[in-house]
Amino acid sequence: MQKNILKQFIKDMKDYAEVRCDFYDDIEGYWCVDAWRTSDDNEEGEVVAHVYDDGSVVWLNNNAKKSHYVQMVIKDCIADLKID
């Protein structure tokens, strides 16, 4: 089971080189989940989801919804909300 999760995570890393949830839109009241397909610093990232203060998620990219890497970042973001 653990091996399958690792394989899926590695596959997801091929879809997204980096995923972050570190920008808060204080006007709209949500965290932006940004994803980059490559590690090229010149690449423009894509906002794939919004995470609201109540922990709800609005998906802007349904393909990203399938990514375990994106799911992991969102899970961490929601956990951080509960700490604050």
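Everything numeric here is computed off the predicted structure, so don't read it as measured data.

Procedures and definitions
Residues numbered from 1 in each chain as written. Predicted model: local features only at pLDDT ≥ 70, side-chain atom pairs only at ≥ 80, totals over all residues. Heavy atoms only, no water. Helix = DSSP H or I, 4+ residues; strand = E, 2+ residues; numbered from the N terminus. Buried < 20%, exposed > 50% of the residue type's maximum accessible area, 1.4 Å probe, protein only. Contact = heavy atoms within 4.5 Å. Areas by Shrake-Rupley, 256 points an atom, 1.4 Å probe, with all protein chains shown as cover. Salt bridge = Lys/Arg side-chain N within 4 Å of Asp/Glu carboxyl O.

Enquirer: I tried to follow the overall build of the protein chain on my own but got confused; where do I start?
Expert: For the protein chain, the count of helices and strands is 2 helices and 4 strands. The buried share among the 84 residues of the protein chain stands at 31%. Partitioning the contacts of the protein chain with sequence separation of at least 6, the portion at a separation of at least 24 is 31%. Accessible surface, the protein chain: about 6,000 Å² in total, of which carbon and sulfur atoms supply 51%.

Enquirer: What should I look at first to understand the pattern of salt bridges in this one?
Expert: As a working rule, side chains carrying opposite charge can pair if their charged atoms are close by. The final tally for this structure, using the stated rule, is 2 salt bridges. For the salt bridge of Glu18 with Arg20, the shortest nitrogen-to-oxygen distance reads 2.7 Å. With a relative accessible area of 33%, Glu18 lands in the partly exposed category. Close ionic contact of Asp22 with Arg20 constitutes a salt bridge, the shortest N to O distance being 3.6 Å.

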